[in-house]
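Descriptive analysis of the structure
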Amino acid sequence: MPVTPPPPSAASGARYALFILTLINLINYLDRYIIAVALPAIQHEFGINDTQSGWLGTVFIIVFMLASPLGGFLGDRMPRKLLVAGGVLLWSLATGASGAATSFITLLIARGVIGIGEAGYGAVAPSIISDLYPRDLRTRMLSFFYIAIPVGAAMGYGLGAWMTNSYSWHWAFYAGGVPGLILGTLAFFMPEPQRGAMDGPDAPVKLPFLEGLKGLGRNAAFWATTTGYTLMTFSIGGLGFWMPTYLERERGMPGNTTGIVFGAITAVAGLTGTLTGGWLGDKLDRRREGGGLWLSGLGLLLAAPCMYLAVNLRDSTFTFIAIGVAQFLVFFNSGPINAAIVNCVPPAFRAFAMGLNVLCIHLLGDAISPVLIGRIADAASLKTAIEVNALPVLLGGLALLLGARLLRDAAPRGRVTA
């Protein structure tokens, strides 16, 4: 009888690499969300309106998304840990430079440089993890990695609120830049796994760029998943940027309380949602291909009405409960949706596919949502803008359900076990 080879185990040094990459992702989102809480103080100092303020989020995202495909292209062809380390060091220096900004323009430039640094990291980190852990553990391991999003965002809200109110918004950025300098140095000592090491001996580890690009263009599951991810990113990016300002301006909550409470809700809901989604996603993926992505779509469909209710409930306690449930359901999909992306493309093209995904989700997502929400707020109210913002989440859920079906139809028979 033929002998079935044992399933691959995690690569040597996988835990160290996952630990460093997760901490870097945490600092990544800490640096991004400091500005959301510091925004009222920045508006006061520079005398800028809501539309101009939205550009502080949009310029960063524009640079980040445009540089990400290049980061992915390089990540498929050179040691990825060098891109990670260099990117972290660059964006951390730019975060500190944000605190030294003396005008709106210089702050915009600093935010743009942060986007360049993050592009060298964001496109390649998931591909490193996919080469460190076997397929049946990827959703869970990517969920650990993406735990850093809510925790980092919460820390950004908390640090931004505390430093801005105790010292100044300038010092909030100075403090945010220090940890990345340490982690960027530690990243040089991560293992560099072989591409496709966990995908079997037949997995292509080299692929001509044009051939890979042509295959990606025909990959319906990739594009359906990217569409759902884009719609979700549009909504969540705008909500994360403007929600603290909404609570302070239209609900009359003190700035320091808003940042701390909203940050705590983000941390708890995001942590529990990401872990739950990772565990259930792996479980459903073993039963049927695309099961984790189906879970992601369901989570977004349920999150949309919660986002709408959050600004229509008069009692602040119920408002925060609705925000927490919505965030739980959104972060539910962090592991499954990214595992679906790396699983549906060849190992030799994963970094570029992730970079292209980053370009799409930000080009049509949170690159434009802060400014559009700011415009709606200037024309009507911030409450109205956030109400409208629930619609993309609903449509994103439908797109992910379609992606799950396409992923299941394209899977080789016998891959998934009951």
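Located above this text is the structure these notes cover.
Attention here is on the structure that accompanies the text. All of these numbers come straight from a predicted model, not from anything done at the bench. Positions within a chain are numbered from 1, following the residues in the order the chain's sequence is written. Given that this is a predicted model, residues contribute local features only at a pLDDT of at least 70 and side-chain atom pairs are listed and counted only at 80 or more, while totals for whole chains, interfaces and linings are drawn from all residues. Calculated side-chain values reflect all of the structure's heavy atoms, with hydrogen atoms and water omitted.

**Quick notes on the overall build of the protein**
Numbered from the N terminus, helices here are DSSP runs of H or I no shorter than four residues, and strands are runs of E no shorter than two. Summing up its helical and strand segments, the protein has 18 helices and 0 strands in all. Taking the principal axes of the C-alpha coordinates as reference, the protein spans close to 75 × 40 × 35 Å. Buried residues are those whose accessible area, probed at 1.4 Å on protein chains only, stays under 20% of the maximum for their type, while exposed residues exceed 50% and partly exposed ones sit between those limits. Classification of the 418 residues of the protein by burial places 58% in the buried group. In what follows, residue pairs with any heavy atoms lying within 4.5 Å of each other are defined as contacts. Once local pairs closer than 6 in sequence are excluded, the contacts in the protein between residues at least 24 apart make up 86%.

**Some thoughts on the nonpolar core**
Definition used in this section: a nonpolar core is a set of buried Ala, Val, Leu, Ile, Met, Phe, Trp, Tyr and Cys residues joined via side-chain atoms within 4.5 Å. Counting 119 residues, the largest nonpolar core has L21, I24, I42, L56, V84 and M243 as its most contacted members. Among the elements that line this core, the one with the most residues is helix α1 (residues 14-46), at 19 residues.

**Quick word on the packing of aromatic side chains**
Aromatic ring pairs are reported here in terms of the distance separating the ring centres and the angle at which the planes meet. Ring pairs are drawn from Phe, Tyr and Trp, using the six-membered ring of Trp, whenever the two centres fall within 6.5 Å, and their geometry is named by plane angle: stacked under 30 degrees, edge-to-face over 60, tilted for the rest. Counted under the stated rule, the structure contains 10 aromatic pairs. Relative to W169, the ring of F46 lies with its centre 5.7 Å away and its plane at 75°, an arrangement referred to as edge-to-face. Of this pair, F46 sits in helix α1 while W169 sits in helix α8 (residues 169-187), and the two are 123 residues apart along the sequence. Like F46, the residue W169 is buried in the burial classification.

**Digging into the packing of helix α6 (residues 135-146) against helix α14 (residues 334-343)**
Axis separation between α6 and α14 bottoms out at 8 Å; the angle between their running directions is 130°. What the angle tells us is that α6 and α14 run oblique. Regarding α6 and α14, the two cross each other, and that crossing is right-handed. Between α6 and α14, the residues in contact are R135, R138, T139, L142, S143 and Y146 and S334, G335, P336, N338, A339, V342 and N343, respectively. The class makeup of the residues in the contact of α6 with α14 is 5 nonpolar, 6 polar and 2 charged. To obtain each axis, a line is fitted to C-alpha atoms, and for helices this fit is confined to the stretch in contact; angles are then taken between N-to-C directions over 0 to 180 degrees. Oblique is the label for any angle not under 35 degrees, not over 145, and not in the 65 to 115 range, which are roughly parallel, roughly antiparallel and roughly perpendicular in turn. Note on convention: the crossing is left-handed when the near helix lies turned anticlockwise from the far helix by less than a right angle, right-handed when the turn is clockwise. Classes in brief: Ala, Val, Leu, Ile, Met, Phe, Trp, Tyr, Cys and Pro nonpolar; Asp, Glu, Lys and Arg charged; the others, Gly included, polar.

**Regarding the environment of F320**
Position of F320 relative to the elements: it lies in helix α13 (residues 316-331). Considering only alpha carbons, one finds F320 and L56, 264 residues apart in sequence, at a separation of 26 Å.

**Remarks on the pattern of salt bridges**
Note that side chains of opposite charge can pair when their charged atoms are close. Should a side-chain nitrogen of Lys or Arg be within 4 Å of a carboxyl oxygen of Asp or Glu, the pair is scored as a salt bridge. In this structure the tally under the stated criterion is 4 salt bridges. In this structure, R80 and E192 form a salt bridge, with 3.1 Å as the shortest nitrogen-oxygen distance. Placement of R80 in helix α3 (residues 80-99) and of E192 in the loop between α8 and α9 (209-217) is noted, with a sequence separation of 112 residues between them. By relative accessible area, which is 1% here, R80 ends up buried. K383 is the salt-bridge partner of E387, the closest N and O atoms lying 2.6 Å from each other. Placement of both E387 and K383 in helix α17 (residues 382-388) is noted, with a separation of 4 residues, approximately one turn of the helix. Since its relative accessible area comes to 18%, E387 is described here as buried. One connected set of salt bridges, linked through shared partners, spans R80, D131 and E192.

**Overview of the state of the cysteines**
By disulfide we mean two sulfur atoms from cysteines, separated by a distance within 2.5 Å. With the rule as written, the count across this model stands at 0 disulfides. Of the cysteine sulfurs around C344, a residue in no disulfide, the closest is that of C360, at 13 Å. Take C360: its relative accessible area is 18%, and that puts it in the buried class.

**Brief notes about helix α16 (residues 369-379)**
Among the residues making up α16, those that are buried are S369, P370, V371, I373, G374 and A377. The secondary structure elements touched by the buried residues of α16 are α2 (50-75), α10 (220-249), α15 (350-366) and α17.

**Thoughts on the side chain of N343**
With respect to the element layout, N343 can be found in helix α14. A relative accessible area of 16% places N343 in the buried class. Sequence-distant contacts of N343, defined by excluding residues within four places in its chain, comprise R135 and R138.

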